[in-house]
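If you want the building blocks of each chain, they are given just below.
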Amino acid sequence: MKKALSILILFVVFSTNGQTSETPLENYQWKRGKTKQESGFVVLKSGKRLDGTISLKGSVSKVTEIVFEGDGKKIEFPAAALKSFGLLNFKTENTSTQTAQGPINDSPESMYEWRSKGTVMGKEITGTVPREGYVVLKNGTRYEGELRLTRKDGVLTSYKLKADKKYKGKISDLERYGYTVSEDEVAQQNLNKLAKNFYQGTIKTNRKECSGEVAQVNIMGKFYSKKILHRDVSGKLTEFTPKDVTTFSQKIKGELITYTVRDGVFVTEQFNGNTFQLFRNPNPTTTNAFLTGLVKEGAAIGTNALAQAAVKKDAKDNNYTTNMDSIIRVSTPEQLMAIRDGFAKLGGYNTYQEALDKSDNESLKNNINAIEFALAGNEIKNSEGGIFNKEWIILNKTTGEETVIYKSEYKKLIEPLLKGCYEYLSLERKEQRFYEKWNNREAAIKMLDGCY
């Protein structure tokens, strides 16, 4: 019975007096017995289809009249005069570019590059990078120019278009929109933004070798890169990543520099012989104890000084005398924790965190926070993390064996390789010392390459 009733309701909604709405009637924008004029079509009994705008009169359960406007004409059709009608921008489950509430997007979503414009009244505002495009209003008017779109919390809300003059409005005013540039053109524009410092070079992949101009996409603060660009004679850019490339080269100021792939990044190849290859390690594992100690000591001193300044300021602001700055300066972490917990108990709280959360005594909280800051400095000083050495890897291409070298321990680390070479052992001690020096490591690898 329920199934039969549902079929009957659908029949009433979509078909009335011989005409059929190809858009569910509840998806029109109804108000006081009629709908808002929207982009749509009508199909005459003869089969002729007319595109323009339509509005309905009647109700969701029964349409009495369809008002059509198009080609400079306005026609009021009785419902029985039409074979069918519907909205042009209605989205069914099988379409991907149009919705009942929004315009048709004629360009792939991947072409729209969104950037944050901040947060307004709790809503995140994002806007597209301006590109050549167009909008078509619901009355059929088309404008072309530099198109920008805006979203609030991911919902498309408005557009701006700069042509002979500026046009803007709500996204609901549009029938459709899109770019006049192709997806490939946008991809080239995006690559051009990354492109800097092109040099003549060669890129080798597993399948081919291509020559032309090559640029690295630099990563701020890193000596390696994760992406390179190739520009052919026509100016077309192609992107390559370490998974695509075995090696590439650039000729910079007359010097040919070769790059190899290591741990998913491109690194400079300092030497590549028959047996040995030398390159910088992008993921070092040994800690530079001296630099780490300096940084940690500096952090501890800095946080301790700030903690002392905080308690002195609180005493001055609240007109009381304290020696907490001196206590913080000379106390061990264990003593500072005992003082912190003692402050909390004096304030009537079980823990220092409870005091920070519940107390309205600002001086109490300022002193506890200052002690916490000093403890944080001590924690940094005693943490296991540190600054890594700059490491190089000597790869034996025949055996796959790797030797990691770095400046402070170079002589000890290179010694097993050197003493495995008879040519080195045959040298005078003075000559041997030359190859044991850090600045001569490339010469040492070249000598080893001819020996192994």
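Residues numbered from 1 in each chain as written. Predicted model: local features only at pLDDT ≥ 70, side-chain atom pairs only at ≥ 80, totals over all residues. Heavy atoms only, no water.

Regarding the environment of Thr-141
Part 1 of the reasoning: Along the chain, Thr-141 turns up in the loop between strand 13 (131–137) and strand 14 (142–152).
Part 2 of the reasoning: Sequence-distant contacts of Thr-141, that is, excluding residues within four places in its chain, are made with Val-135 and Val-136.
Part 3 of the reasoning: In this structure the side chain of Thr-141 is engaged in a polar contact, spanning 2.9 Å, whose partner is the side chain of Asn-139. (Helix = DSSP H or I, 4+ residues; strand = E, 2+ residues; numbered from the N terminus. Contact = heavy atoms within 4.5 Å. Polar contact = N/O pair within 3.5 Å; in protein donor to acceptor, adjacent residues only side chain to side chain.)

A few points about the state of the cysteines
Part 1 of the reasoning: With the rule as written, the count across this model stands at one disulfide.
Part 2 of the reasoning: The residue that forms a disulfide with Cys-421 is Cys-451, at a sulfur-sulfur distance of 2.2 Å. Handedness of the Cys-421-Cys-451 disulfide follows from its S-S torsion of about 120 degrees: it is right-handed. Here Cys-421, found in the loop between helix 8 (410–418) and helix 9 (422–425), pairs with Cys-451, found in helix 11 (residues 441–451); they are 30 residues apart in sequence, far enough to count as distant.
Part 3 of the reasoning: A residue is classified by how much of its surface remains accessible, and Cys-421, at 0% relative accessible area, is buried. (Disulfide = S-S within 2.5 Å. Buried < 20%, exposed > 50% of the residue type's maximum accessible area, 1.4 Å probe, protein only.)

Focus: helix 8
Part 1 of the reasoning: All buried positions along helix 8 are accounted for by Tyr-410, Ile-414, Leu-417 and Leu-418. Here the buried residues of helix 8 occupy an arc of 90 degrees about the axis, which is enough to place them on one side. Exposed residues pointing more than 90 degrees away from the buried face of helix 8 are listed as Lys-412 and Pro-416.
Part 2 of the reasoning: Elements in contact with the buried residues of helix 8: strand 25 (276–280), strand 26 (392–396), strand 27 (402–405), helix 9, helix 10 (429–435) and helix 11. (Arc of directions from axis to C-beta.)

Some details on the packing of aromatic side chains
Part 1 of the reasoning: Tallied over the full model, the rule gives eleven aromatic pairs.
Part 2 of the reasoning: Relative to Phe-266, the ring of Phe-248 has its centre 5.1 Å away and its plane inclined at 90 degrees; by these criteria the two rings are edge-to-face. With Phe-248 in strand 22 (residues 245–252) and Phe-266 in strand 24 (residues 265–272), the pair connects residues that are 18 residues apart, well separated along the chain. Taken individually, Phe-248 and Phe-266 each receive the classification buried, so the pair is uniform in this respect. (Phe/Tyr/Trp six-rings, centres within 6.5 Å; stacked < 30°, edge-to-face > 60°.)

Things to note about the pairing of strand 19 (residues 209–218)
Part 1 of the reasoning: Both strand 18 (residues 199–205) and strand 19 contribute to a ladder of six bridges, which runs antiparallel. Each residue of the ladder has a partner; that of Ile-203, found in strand 19, is Cys-210.
Part 2 of the reasoning: Here five bridges tie strand 19 to strand 20 (residues 225–231), and the two strands are oriented antiparallel to one another. Directly across from Glu-213, in strand 20, lies its bridge partner Arg-231. (Pairing = 2+ DSSP bridges.)

Observations concerning the nonpolar core
Part 1 of the reasoning: Core analysis: the biggest nonpolar cluster contains 18 residues, and Leu-278, Ile-394, Ile-405, Ile-414, Leu-418, Ile-445 and Leu-448 have the highest contact counts within it.
Part 2 of the reasoning: Put simply, the parts of the chain that give this core at least two residues each are strand 25, strand 26, helix 8 and helix 11.
Part 3 of the reasoning: Not counting residues within four places of it along the chain, the set of residues in contact with Ile-394 comprises Phe-276, Gln-277, Leu-278, Glu-401, Glu-402, Thr-403, Ile-405, Ile-414, Leu-417 and Ile-445.
Part 4 of the reasoning: Among the nonpolar cores identified, the runner-up in size contains 15 residues, and Met-111, Val-135, Leu-147 and Tyr-177 belong to it. (Core = buried A, V, L, I, M, F, W, Y, C linked by side-chain atoms within 4.5 Å.)

Focus on the side chain of Ser-359
Part 1 of the reasoning: Residue placement: Ser-359 occurs in the loop between helix 6 (352–358) and helix 7 (362–382).
Part 2 of the reasoning: Within the local environment of Ser-359, its side chain forms a polar contact with the backbone nitrogen of Asn-361, the two atoms lying 3.0 Å apart.
Part 3 of the reasoning: Ser-359 has contacts with Tyr-349, Glu-354, Leu-364 and Lys-365, leaving out every residue within four places of it along the chain.

Observations regarding the environment of Val-120
Part 1 of the reasoning: With respect to the helices and strands, the residue Val-120 is situated in strand 11 (residues 114–120).
Part 2 of the reasoning: A relative accessible area of 48% places Val-120 in the partly exposed class.
Part 3 of the reasoning: Here the alpha-carbon distance between Val-120 and Lys-152, two residues 32 residues apart in the chain, equals 8.9 Å.

Topic: unusual backbone geometry
Part 1 of the reasoning: Non-glycine residue Met-121 carries a positive phi angle of around 50 degrees.
Part 2 of the reasoning: For Met-121, a relative accessible area of 84% translates into the label exposed.
Part 3 of the reasoning: At Asp-263, a position not held by glycine, the phi torsion is positive, near 50 degrees.
Part 4 of the reasoning: You can see Asp-263 is positioned in the loop between strand 23 (255–262) and strand 24.
Part 5 of the reasoning: Classification of Asp-263 by relative accessible area gives partly exposed; the value is 47%.

Quick notes on a positive patch on the surface
Part 1 of the reasoning: Taken together, the side chains of Lys-117, Lys-160, Lys-162, Lys-166 and Lys-168 define a basic patch exposed on the protein surface.
Part 2 of the reasoning: Elements represented by at least two residues in the positive patch include exactly strand 15 (155–162) and strand 16 (166–170).
Part 3 of the reasoning: The residue Lys-166 is located in strand 16 in this model.
Part 4 of the reasoning: Its relative accessible area of 68% is what places Lys-166 among the exposed residues. (Patch = residues over 30% accessible without salt bridge, like charges linked within 9 Å, V, L, I, M, F, W, Y side chains within 5 Å. Areas by Shrake-Rupley, 256 points an atom, 1.4 Å probe, with all protein chains shown as cover. Salt bridge = Lys/Arg side-chain N within 4 Å of Asp/Glu carboxyl O. Lys, Arg positive; Asp, Glu negative; His and termini not counted. Charge placed at Lys NZ, Arg CZ, Asp CG, Glu CD.)

Things to note about the confidence of the model for the protein chain
Part 1 of the reasoning: The share of residues in the protein chain with pLDDT of 70 or more is 88%, and the mean pLDDT across the chain is 85.
Part 2 of the reasoning: Counted against residues more than four places away or in other chains, residues 1–18, with its pLDDT under 50, gives 21 contacts.
Part 3 of the reasoning: Overall, residues 92–100 carries pLDDT values under 50, and its contacts beyond four positions in sequence, including any with other chains, amount to 17 contacts. (pLDDT = per-residue confidence, 0-100.)

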